[in-house]
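# Residue-level structure breakdown
Residues per chain, in single letters:
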Amino acid sequence: MNFPDFRDQALTPDAICATMRRLNLLPQGASCVCEPLPGGVSSDIWRVTIGGAGYCLKRALPRLKVAQLWEAPVSRNAFEWRWIEVAGTICPAAVPKLVAHDPQAGLFVMDYLDPKRYPSWKEQLRDGIVEATTAQAAAERLVRIHAATAGKPEIAREFATDQNFYAIRLEPYLVAAGRVHCDLEDRLAALVAVTASIRRALVHGDVSPKNILVGPRGPVFIDAECAWYGDPAFDAAFCLNHLLLKCVWQPQHAPAYLACFDRFAATYFAGVVWEPRASIEARIARLVPALLLARIDGKSPVEYITGERDKDRVRAIARALISGPSDDLSTTRRAWASVMLGA
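Reading the values: the criteria
- Within each chain, residue numbers correspond to sequence positions counted from 1 in written order.
- Two thresholds apply to this predicted model, a pLDDT of at least 70 for residue-level local features and 80 or more for giving and counting side-chain atom pairs, whereas whole-chain, interface and lining totals are computed over all residues.
- Based on all heavy atoms of the structure, the side-chain values leave hydrogens and waters out of the count.
- Numbered from the N terminus, helices here are DSSP runs of H or I no shorter than four residues, and strands are runs of E no shorter than two.
- We take the radius of gyration over the C-alpha atoms and set the globule estimate at 2.2 Å times the residue count to the 0.38 power.
- The cut-offs for exposure are 20% and 50% of the maximum accessible area for each residue type, with area from a 1.4 Å probe on protein chains only; residues under the lower value are buried, those over the upper are exposed, and the others partly exposed.
- Note that accessible areas follow from Shrake-Rupley with a 1.4 Å probe, and for residues the cover is restricted to the protein chains shown.
- Should DSSP find at least two bridges between two strands, the strands are taken to pair.
- Every axis in this analysis is a line fitted to C-alpha atoms, fitted for helices over the stretch in contact. Angles between the N-to-C directions lie between 0 and 180 degrees.
- Residue contacts are defined here by distance: any two heavy atoms, one from each residue, within 4.5 Å place the two residues in contact.
- Think of a nonpolar core as a cluster: buried Ala, Val, Leu, Ile, Met, Phe, Trp, Tyr and Cys residues, connected wherever their side-chain atoms sit within 4.5 Å.
- By convention in these notes, a salt bridge is any Lys or Arg side-chain nitrogen within 4 Å of a carboxyl oxygen on Asp or Glu.
- Here a crossing is called left-handed whenever its near helix is offset anticlockwise from the far helix by less than a right angle, and right-handed whenever the offset is clockwise.
- Only Asp, Glu, Lys and Arg are considered charged in this grouping, and only Ala, Val, Leu, Ile, Met, Phe, Trp, Tyr, Cys and Pro are considered nonpolar; every other residue, Gly among them, is considered polar.
- Pairs of N or O atoms within 3.5 Å make up the polar contacts considered here, provided that, within protein, one atom can donate a hydrogen while the other can accept it, and that residues adjacent in sequence are counted only when both atoms are side-chain atoms.

### Observations concerning the overall build of the chain
Counting its secondary structure elements, the chain contains 12 helices and 9 strands. Here the C-alpha radius of gyration of the chain, 20 Å, is about what a compact globule of 343 residues would show, namely 20 Å. Referenced to the eigenvectors of the C-alpha coordinate spread, the extents of the chain come out at roughly 65 × 40 × 40 Å. Taken over 343 residues, the chain has a buried fraction of 57%. Surface exposure of the chain reaches about 14300 Å², of which carbon and sulfur atoms provide 52%.

### Structural notes on the sheet that holds strand 4 (residues 98-102)
The strand order across the open sheet formed by 5 strands is 1-2-3-5-4, and the pairing between neighbours is antiparallel. On the outer flanks of this sheet lie strand 1 (33-36) and strand 4, each paired with one strand and no other. Pairwise comparison of adjacent strand axes, ignoring direction, gives a mean angle of 20° for this sheet. Its contacts with the sheet place helix 1 (residues 13-22) against strand 1, strand 2 (43-50), strand 3 (53-60), strand 4 and strand 5 (107-111), and it is angled at close to 70° to strand 2. Across the sheet, helix 2 (residues 76-90) lies against strand 3, strand 4 and strand 5, angled at about 150° from strand 4, the strand it touches most.

### Points about the environment of Pro27
For Pro27, the position within the fold is in the loop between helix 1 and strand 1. Each C-alpha atom, one on Pro27 and one on Gly51, is 9.7 Å from the other, the two residues being 24 residues apart in sequence.

### Points about the nonpolar core
Core analysis: the largest hydrophobic core is formed by 95 residues, its most contacted members being Trp83, Leu174, Phe264, Tyr268, Ile284, Leu329 and Trp336. Broken down by element, the residue count for this core peaks at 13 residues, all from helix 8 (residues 233-249). Sequence-distant contacts of Ile284, that is, excluding residues within four places in its chain, are made with Ala233, Ala236, Ala237, Leu240, Tyr268, Phe269 and Leu329. Core analysis: the second largest hydrophobic core is formed by 18 residues, Cys32, Val48, Ala105 and Val109 among them.

### Focus on the pattern of salt bridges
Enumeration over the complete set of coordinates arrives at 26 salt bridges. Salt-bridge contacts for Arg315 lead to Asp297; the nearest nitrogen and oxygen are separated by 2.8 Å. Taken together, the residues Arg315 in helix 11 (residues 308-323) and Asp297 in helix 10 (residues 277-297) connect sequence positions 18 residues apart. With respect to class, Arg315 is no different from Asp297; both count as buried. Via salt bridges that share partners, Asp297, Glu308, Lys311, Asp312 and Arg315 belong to a single interconnected network.

### Let's talk about unusual backbone geometry
Excluding glycine, residues mostly carry a negative phi; peptide bonds, for their part, are mostly trans. A positive phi angle, close to 65°, is found at Asn24, a residue other than glycine. Here Asn24 shows up in the loop between helix 1 and strand 1. Taking relative accessible area as the criterion, Asn24 reaches 70% and is therefore assigned exposed. For Asp223, which is not glycine, the phi dihedral falls at a positive 60°. Mapped onto the secondary structure, Asp223 falls in the loop between strand 8 (218-221) and strand 9 (228-230).

### Some words on the packing of helix 10 against helix 11
The interhelical angle for the contact between helix 10 and helix 11, taken along N-to-C directions, is 145°, at an axis separation of 8 Å. Viewed along their axes, helix 10 and helix 11 form a crossing whose handedness is left-handed. Residues Pro289, Ala290, Leu292, Leu293, Ile296 and Asp297 of helix 10 pack against Lys311, Val314, Arg315, Ala318, Arg319, Leu321 and Ile322 of helix 11. Residues of the contact of helix 10 with helix 11, tallied by class, amount to 9 nonpolar, no polar and 4 charged.

### Let's talk about the environment of His181
Secondary-structure assignment places His181 in the loop between helix 6 (162-180) and helix 7 (185-197). His181 has contacts with Leu293, Asp297, Arg315 and Arg319, leaving out every residue within four places of it along the chain. A distance of 2.7 Å separates the side chain of His181 from the side chain of Asp297, its partner in a polar contact.

As structure tokens, this is what we get:
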């Protein structure tokens with residue numbers, strides 16, 4: 001039987017059901033119910049229910065759904081599949097179960113994780129469910145993946161996705177922020193060059209609370225589209241940056257967010273075995289303020305900081321720390337707390 005090729009067409013329920021049939025997941029005569037899932041800017045994501053089985057179908061988009069022009073290779077979908085495979089061999093409970101892959105169509109299918117059992121960490125943080133144990137568990141699993149892949153040339157060769165990572169992360173975040181803050185452009189460009197030059201471990205690239213589900217067996221990482229063999233400092237900095245930004249979003253929970261920041265950092269550093277702590281801490285300490293600025297003035301600003309006063313507060317702290325960088329992460333933490341808590 002011949003199936004239509006939907007690679008260059010918008011996904012519809014009919015197209016998805018045809019894809020599921022082609023992947024031998026939809027038996028003849030079985031019902032197929034499709035529902036688009038919200039939240040993604042870089043992929044089409046659908047929940048697909050066939051009988052009693054629930055699946056999640058994900059297809060990468062060539063142009064991301066943001067205000068500014070942001071294009072990225074759809075080949076990242078295949079690298080996301082492989083990141084989940086590799087991470088699953090290290091910590092099976094930390095990733096969704098993979099079901100089927102169609103690299104030519106730029107899509108794959110995995111188990112659907114019901115939000116009732118796998119709530120988003122971001123939503124928990126928003127709702128005041130702020131537990132340092134979750135930060136600790138996420139850091140433990142992240143550093144475990146980094147440590148297990150550090151210094152592995154075969155993984156480095158497979159994830160030589162430098163162009164993807166630049167297009168999805170370094171350019172829209174740090175380079176774009178430098179174009180807005182011209183006086184910091186050279187400093188941010190230097191940070192990009194350092195980050196891009198390091199080949200240490202397998203990087204997820206988008207370790208934010210929205211991409212961490214709090215499951216019954218611990219945190220589950222999703223959305224590894226930015227998978228890259230590079231600087232693990234980026235993953236740690238990316239998550240720590242979000243924990244700081246949450247203080248602006250829900251200031252009444254700021255002390256608890258900072259406790260999560262502290263627990264995540266301490267847990268992560270305790271698991272770093274591939275290089276001296278001081279060296280990776282220095283890179284994280286320089287990335288965090290740059291990412292803070294990027295989430296205000298880059299191509300993908302956080303959607304929950306909308307007031308100009310709040311934006312200016314973030315800009316002021318970030319700019320000061322970029323202009324006078326420190327190799328000590330506690331300097332960033334103290335500067336942030338002094339403004340957010342008056343401490």
